[in-house]
Amino acid sequence: MGSTIEQVDVVVVGAGWNGLISAKTYLDFRPTANLVVLDEQASIGGVWSEEKIYPSLYAQIKHGLFEYSFYPMRHEGITEDGYISGNTIHTYLNDFAWDFDLVRRIRLQTTVANVSRAPSGGWHLEIVGKPPIECTKLIYASGATSHPVVPTWPTDNFRSPVIHSSELGSHLDALNKIGSATVIGGAKSSYDTVFFLLNAGKKVNWIIREDGSGPLAIMPPLLFGSVNTMDIVTSRFVTLMGSSIMSTDGIGHQFFQRTLLGRFIAWVFWLVVNWIADRHAGYSKSENAKKLRPMPHGNGIFWAHAGLGAASVPLFWKTFHAGDCSVHRTDIDSLRENNIISLKDGTQFSSDYLILCTGFDKSFQVFDEKLQQECGLMPDPAQKDRWAKLESDAEEKVDELLPAIANSPLTSKQFDREKTAGGRKLLHGPSRHYRRLIVPSLAAQGDRSVYFPGFIHSIYTPVVSEVQALWGVAFLLGMHNPPGEEEMEREVAEWNVWSRKRYVAQGKKHAYAIYDFLPYIDLLLKDLGINPHRKTGFFNMFNPSYPSEYKGLIDEFHRVAIEKQVVY
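Treat the numbers as computed from the prediction; the structure is a model and nothing was measured.

Participant: Could you give me a rundown of the packing of aromatic side chains, with the residues and numbers involved?
Facilitator: Inspection of every chain in the model, using the stated rule, returns 46 aromatic pairs. Centre to centre, the rings of Tyr191 and Trp206 are 4.9 Å apart; their planes meet at 85°, and the pair counts as edge-to-face. With Tyr191 in helix α4 (residues 188–199) and Trp206 in strand β11 (residues 203–207), the pair connects residues that are 15 residues apart, well separated along the chain. Taking relative accessible area as the criterion, Trp206 reaches 0% and is therefore assigned buried. Every member of this aromatic cluster is reached through a ring pair, and the members are Trp17, Phe66, Tyr68, Phe70, Tyr71, Tyr92, Phe96 and Phe100. When the ring centre of Phe70 is taken as reference, the NZ or CZ atom of Lys24 above it lies at 4.3 Å. The positively charged end of Arg117 is found above the aromatic ring belonging to Trp123, 4.1 Å away from the centroid.

Right, here's the structure in full:
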């Protein structure tokens, strides 16, 4: 006999930035709802849960820019440059859950094994070791960094521990006792891991594949020695410079994106920023450091081909240049006995630990293949020709609106590993979700039972998640209507085409918007009838956009609903 099925109104999967604000927002509109939050971690916080953080882990954004609009973060655990420690973020998210009475609804160490449609039209969730749950509404907020990619290599009696970077926080005692470690990958997590190891006096071998997207583009913590880099990145001015498909109207955008003079000015701007970043990193100081220059050389900051980060930990580059770290631009050939790592270029060395900074896959494996296709999580082969036509039309439009990115300086190639642990198929690639949140075909059928927040990559996570939550919850409750299916699919095609042209490897893997979070927020707010322009004046375009500027969004939405005589 099967287990008794628990019936609830709403299930939120994930207790990080997105899951917590989604739960709080839903309860703002439906305070009596039977809502539960499920998370497989042992503590609240998602990627910032207690077991995933460690002393030298800092977010790559400034204090004051990394918080919900209505809930300020304490000023503690902050570097001299203004960057925030992982422990501060973990504490913030826990305080938020307690202060808004979410803790009693959160079920930790609860792993969702399978998601399917319930006979009632809602959702059925199989839970590892616990009774299944069925719900009317599903908010799948597991996020973009919860499903580690674990590559495999030929192995012969290799005894050293092999862990993913997401497990680093639970291996601190063991890592303190070793003499050497090997780090795989060029993502932000690899920089954090290398710093942690070098700062602890360990010998490090750092391996970054030659045939991948290469090392991360790293911004300095300060520009011109005094201006916090994130103050610049979160300004409207950078949006003007950034070639965003979500921001192509207005005199400024027309000038910088569609005139030769404007494009030249933008080109010079990015060259200067890249030069500052290169000088700060000191790539020219050694042959070893040169191997960390992002692609394309000279303009890696603009393209963010392998991602964009900031040297948020204090003295990262000074520690790297002074430390015992060898960078290898090749891949592992095999892992052998006596803890020997053999590289494809013939290099061999022993290692006490192997740490995989190989990124994350979309966490949709709990949906079967058919449901992945129905929910826009993976392409449906039966729809291949139709989407090819949609994307062909979209490419013409993107090239016309944004000629600066029509031709990438980087060659197109496969950037993903084909083999992962257990032979698991990677789910890389942007989803086919309207506004990165809902499934066009389901919405067109009147199905308002699910949305997928948190799968967009942005440094402005708290506010993006807050606005996504308001948009998504309003959709679930029928308080705003998306356009027709044809228009939604056209928007999806334009985003995905633009994303892979603008951010190349990252845009092919993810819904990437590292310079584009402000116009994305603008779009969502306009959909809801809320004024996205939180401050006016020419000079304000050079100032950072602080989360506090968005305080009161739910009240604004209520006022709009009253004016439109919307009943909910």
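Participant: Could you give an account of the pairing of strand β1 (residues 6–13), naming the residues involved and the relevant values?
Facilitator: The sheet contact formed by β1 and strand β8 (residues 130–140) spans seven bridges and is parallel. Residue pairing in the sheet places Val10 in a bridge with Lys137 of β8. Across four bridges, β1 lies against strand β2 (residues 35–38) in parallel orientation. Paired with Val11 across the two strands is Val36, which belongs to β2. The parallel pair β1 and β2 is bridged by helix α1 (residues 17–29), and the resulting crossover is right-handed.

Participant: Describe the nonpolar core, and please don't skip the residues or the numbers.
Facilitator: Counting 145 residues, the largest nonpolar core has Leu20, Trp206, Trp317, Phe320 and Tyr460 as the members making the most contacts within it. The element best represented in this core is helix α15 (residues 461–476), accounting for 10 residues. Setting aside its immediate chain neighbours within four residues, Tyr460 contacts Ile61, Leu65, Thr234, Phe517, Leu518, Ile521, Ser545, Tyr546, Pro547 and Tyr550. In terms of nonpolar packing, the next biggest core, distinct from the first, is built from 25 residues, Val112, Ile133, Cys135 and Tyr140 among them.

Participant: Break down the sheet that holds strand β19 (residues 348–350) for me, with residues and values.
Facilitator: Here we have three strands laid out as an open sheet, ordered β17-β18-β19, and antiparallel in their pairing. Bordering the open sheet on either side are β17 (332–336) and β19, each of which pairs with just one other strand. Neighbouring strand axes in the sheet, compared pairwise and without regard to direction, differ in orientation by 20° on average. Here β17 pairs with strand β18 (residues 340–343) via four bridges, running antiparallel. Across the sheet, Leu335 pairs through a bridge with Ile341, a residue of β18.

Participant: I'd like to hear about the confidence of the model for the protein chain, residue by residue, with values.
Facilitator: In low-pLDDT regions, the fine details of the predicted coordinates are not to be read closely. Per-chain confidence: the protein chain averages 91 in pLDDT, with 96% of residues scoring 70 or above. With pLDDT under 50 throughout, residues 414–419 is counted as low confidence; its partners more than four residues away or in other chains account for 20 contacts.

Scoring rules and cut-offs
Residues numbered from 1 in each chain as written. Predicted model: local features only at pLDDT ≥ 70, side-chain atom pairs only at ≥ 80, totals over all residues. Heavy atoms only, no water. Phe/Tyr/Trp six-rings, centres within 6.5 Å; stacked < 30°, edge-to-face > 60°. Helix = DSSP H or I, 4+ residues; strand = E, 2+ residues; numbered from the N terminus. Buried < 20%, exposed > 50% of the residue type's maximum accessible area, 1.4 Å probe, protein only. Lys NZ or Arg CZ within 6 Å of the ring centre and 35° of its normal. Pairing = 2+ DSSP bridges. Right-handed = clockwise from strand over helix to strand, strands pointing away. Core = buried A, V, L, I, M, F, W, Y, C linked by side-chain atoms within 4.5 Å. Contact = heavy atoms within 4.5 Å. Axes fitted to C-alpha atoms, helices over the stretch in contact; angles between N-to-C directions. pLDDT = per-residue confidence, 0-100.

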